[in-house]
Amino acid sequence: MTENSSCCTPQGSCHSGGSDVQVGEVTTTYKVTGMTCGHCEGAVSSEIGEIAGVSSVQAVAATGLVTVTSKAPLDEEAVRAAVDEAGYELAGEAVRPAAPTPAHSGP
């Protein structure tokens, strides 16, 4: 038997099959106004990606949504400053739609 029988590495990644899953990461979606094209997406992604702890950024101009994965929750003012530096405006965290409630089938 090995000393460490855990499937997780000391860096916090788990190995289940062929994909790595980072433990303890936070994903937050923000609404950014003014993005209209791929260049906009790249500029916003690049600036937000420079914030300490950010591991991935996905910006979508068509929706104005920017999804950020980080090691810990980010300071919204740091995200706002990064978006401003890219030339756009942070409207805030995107509101997630409420989960649909099941239809009542009784009387």
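Residues numbered from 1 in each chain as written. Predicted model: local features only at pLDDT ≥ 70, side-chain atom pairs only at ≥ 80, totals over all residues. Heavy atoms only, no water.

Asks: Even after reading the chapter, I still don't get the sheet that holds strand β6 (residues 89-93), so can you show me in this structure?
Replies: Pairing between the strands of a sheet comes from backbone hydrogen bonds, and it takes one of two forms, parallel or antiparallel. With antiparallel pairing, 4 strands are arranged side by side in an open sheet as β4-β5-β3-β6. Edge positions in the sheet fall to β4 (54-60) and β6, since each of these pairs with one other strand and no more. Pairs of neighbouring strands in the sheet enclose a mean axial angle of 25°, with direction left out of account. The pairing of strand β3 (residues 26-33) with β6 spans 4 bridges and is antiparallel. Residue Thr33 lies in a different strand from β6, and its bridge partner there is Glu89. Most of the contacts of helix α2 (residues 76-86) go to β6, to which it runs at about 150°, and overall it touches β3 and β6. (Pairing = 2+ DSSP bridges. Helix = DSSP H or I, 4+ residues; strand = E, 2+ residues; numbered from the N terminus. Axes fitted to C-alpha atoms, helices over the stretch in contact; angles between N-to-C directions. Contact = heavy atoms within 4.5 Å.)

Asks: Would you mind showing me how to read the state of the cysteines here?
Replies: Structurally, a disulfide amounts to a covalent bond that connects the sulfur atoms of two cysteines. Enumeration over the complete set of coordinates arrives at 0 disulfides. Unpaired in this structure, Cys40 has its nearest cysteine sulfur neighbour in Cys37, at a distance of 3.6 Å. The exposure class of Cys40 is buried, given its relative accessible area of 5%. (Disulfide = S-S within 2.5 Å. Buried < 20%, exposed > 50% of the residue type's maximum accessible area, 1.4 Å probe, protein only.)

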